[in-house]
Amino acid sequence: MLRRAVELLKPDQPERTDARIKLADIFLDYLERSSRREGEIVDEVKRTASDLIKANPKSIDGHRLQGRLFFVMAADAATKHDDDGKKNLLQKAIAEFRTADSLKPNQTDVVVYLARALIANLQYDEAEK
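Residues numbered from 1 in each chain as written. Predicted model: local features only at pLDDT ≥ 70, side-chain atom pairs only at ≥ 80, totals over all residues. Heavy atoms only, no water.

A. Structural view of a nonpolar patch on the surface. A cluster of nonpolar residues, Ile-119, Leu-122 and Tyr-124, forms a patch on the protein surface that exposes about 340 Å² of accessible area. In this fold, Ile-119 is placed in helix α6 (residues 108-120). (Patch = residues over 30% accessible without salt bridge, like charges linked within 9 Å, V, L, I, M, F, W, Y side chains within 5 Å. Areas by Shrake-Rupley, 256 points an atom, 1.4 Å probe, with all protein chains shown as cover. Salt bridge = Lys/Arg side-chain N within 4 Å of Asp/Glu carboxyl O. Helix = DSSP H or I, 4+ residues; strand = E, 2+ residues; numbered from the N terminus.)

Shown next as structure tokens:
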């Protein structure tokens, strides 16, 4: 129903942006818990994050969603034993979460994922901070 709401709302309505963000978060929750990487879902999250950042380079949600997507992709690379890909994607995730945190510090939905990405990248001291 949320996807349908996004389709029905006009692009200039703020409610549409809010619905897209919520839908992207739901998709990311699904991707984190699933072993399947459905291209359509990944593409929609990428598009949402990109559109948010393009509309406002200081979009906290855009950087947070982008970071979460990189984190999911890093986990996928780890299951494929692609250590270089995992490391690169974790660095990108960390950079996006740090950007989001710098725009609005100490937001739970940012710092929790930042800590998770830092732990996955074996940066325990940084994660603890």
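B. Layout of the pattern of salt bridges. Across all of its chains, the model carries 12 salt bridges by this definition. A salt bridge links Asp-25 to Arg-64; its shortest N-O distance comes to 2.7 Å. With Asp-25 in helix α2 (residues 14-33) and Arg-64 in helix α4 (residues 60-79), this residue pair connects regions lying 39 residues apart in the sequence. By relative accessible area, which is 18% here, Asp-25 ends up buried. Within the structure, one salt-bridge network assembled from shared partners comprises Asp-25, Asp-29, Glu-32, Asp-61, Arg-64, Arg-68, Asp-109 and Arg-116. (Buried < 20%, exposed > 50% of the residue type's maximum accessible area, 1.4 Å probe, protein only.)

C. Region of interest: the packing of aromatic side chains. Per the counting criterion, the structure on display carries 1 aromatic pair. Measuring from ring centre to ring centre gives 6.1 Å for Phe-97 and Tyr-113, while their planes differ by 25°; the resulting arrangement is stacked. Within this pair, whereas Phe-97 is found in helix α5 (residues 83-103), its partner Tyr-113 is found in helix α6, the two being separated by 16 residues in sequence. (Phe/Tyr/Trp six-rings, centres within 6.5 Å; stacked < 30°, edge-to-face > 60°.)

D. Focus on the packing of α2 against helix α3 (residues 39-55). Between α2 and α3, the least distance of the axes is 9 Å, while the angle of their chain directions is 140°. By the angle between their axes, α2 is oblique relative to α3. Relative to α3, α2 is oriented so that their crossing is left-handed. On the side of α2, the interface is formed by Thr-17, Arg-20, Ile-21, Leu-23, Ala-24, Phe-27, Leu-28, Tyr-30 and Leu-31, while α3 contributes Ile-41, Val-42, Glu-44, Val-45, Arg-47, Thr-48, Asp-51 and Leu-52. In the contact of α2 with α3, the residues fall into 11 nonpolar, 2 polar and 4 charged. (Axes fitted to C-alpha atoms, helices over the stretch in contact; angles between N-to-C directions. Parallel < 35°, antiparallel > 145°, perpendicular 65-115°, else oblique. Left-handed = near helix turned anticlockwise from the far one by under 90°. Contact = heavy atoms within 4.5 Å. Nonpolar A, V, L, I, M, F, W, Y, C, P; charged D, E, K, R; others polar.)

E. View of unusual backbone geometry. Positive phi outside glycine occurs at His-81, with the angle close to 60°. Taking relative accessible area as the criterion, His-81 reaches 68% and is therefore assigned exposed. Positioned with a positive phi, Asn-106 is a non-glycine residue whose angle comes to about 65°. Inspection of the secondary structure assignment puts Asn-106 in the loop between α5 and α6.

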